[in-house]
Amino acid sequence: MSDCRLEPDVIRAAARGEWTESLRAHVATCADCAIAAEIAPWMQQFARMDDRAHKLPDPASLWVRAKLLQSTAAADRASLPITRVQIASYLVVAGCWAALLTWKWSALSAWINSFTPAHVILGAAGAETAASLSAMFFLMLIVLASVTAMLAFHTILAEE
Ligand SMILES: [Zn+2]
């Protein structure tokens, strides 16, 4: 958004073709107003086309509205889809973790328990229980861990 307080005056002058010497001098030195002066006649033409039956809106307010719409639309585009996709991804990944752990929970807890000193001393069937956790399970575990890491990485990148 331009901070130049003369911009509405410039737009009005350009739209009506009523320039004062001071405004003309200002446009020569102010980039924002130069662009505004170039666009103002087009904006007015657009307003006339769009709204023939009604009284012409103030080109300055039209200009401000267009700029506001542009910036909010850009902000929506930048943030909304990413957030929605991220939330969906997290839900899917969380669901996969839950399913995977539920599927092999008993075998997994037995395998974890096999690391306790009592089991190690007794030479308990650590390898046996580990074998009952299929290769498929470990493959899924690795894939899911990678997806989770990638998702976290993507979130960190998106926040910057
Ligand atoms: Zn200016």
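Keep in mind that what you see is a predicted model, and the values were worked out from it rather than measured.

The rules behind the values
- Residues numbered from 1 in each chain as written.
- Predicted model: local features only at pLDDT ≥ 70, side-chain atom pairs only at ≥ 80, totals over all residues.
- Helix = DSSP H or I, 4+ residues; strand = E, 2+ residues; numbered from the N terminus.
- Buried ≥ 20, exposed ≤ 12 C-beta atoms within 10 Å, placed from the backbone.
- Contact = placed C-beta atoms within 7 Å.
- Core = buried A, V, L, I, M, F, W, Y, C linked by C-beta atoms within 7 Å.

Draft legend 1. Inspection of the overall build of the chain at higher detail. Check the secondary structure of the chain and you find eight helices and zero strands. The secondary structure elements of the chain, listed N-terminal to C-terminal, are α-α-α-α-α-α-α-α. Counting across all 160 residues of the chain, residues that qualify as buried make up 9%. In the chain, of all internal contacts separated by at least 6 residues, the share reaching a separation of at least 24 is 56%.

Draft legend 2. A look at the nonpolar core. In terms of nonpolar packing, the biggest core is built from twelve residues, these being Val10, Ile11, Ala13, Ala14, Ala15, Val27, Cys33, Ala36, Ala37, Ala40, Leu62 and Trp63. If you list the elements that add at least two residues to this core, you get α1 (7-16), α3 (31-50) and α4 (59-103). Ignoring sequence-local partners within four residues, the contact set of Val27 consists of Val10, Cys33, Ala34 and Ala37.

Draft legend 3. Molecular detail of the environment of Gln45. Within the secondary structure layout, Gln45 lies in helix α3. Residue Gln45 is classed as exposed on the basis of its C-beta count, with 11 C-beta atoms lying within 10 Å. In the structure, Gln45 is positioned 30 residues away from Ala15 in sequence and 9.1 Å away in space, judged by C-alpha atoms.

Draft legend 4. Structural detail: the environment of Ala37. Along the chain, the position of Ala37 falls in helix α3. Judged by the 21 C-beta atoms lying within 10 Å of it, Ala37 falls in the buried class. Discounting residues that sit within four places of it in the chain, Ala37 has contacts with Val10, Ala14 and Val27.

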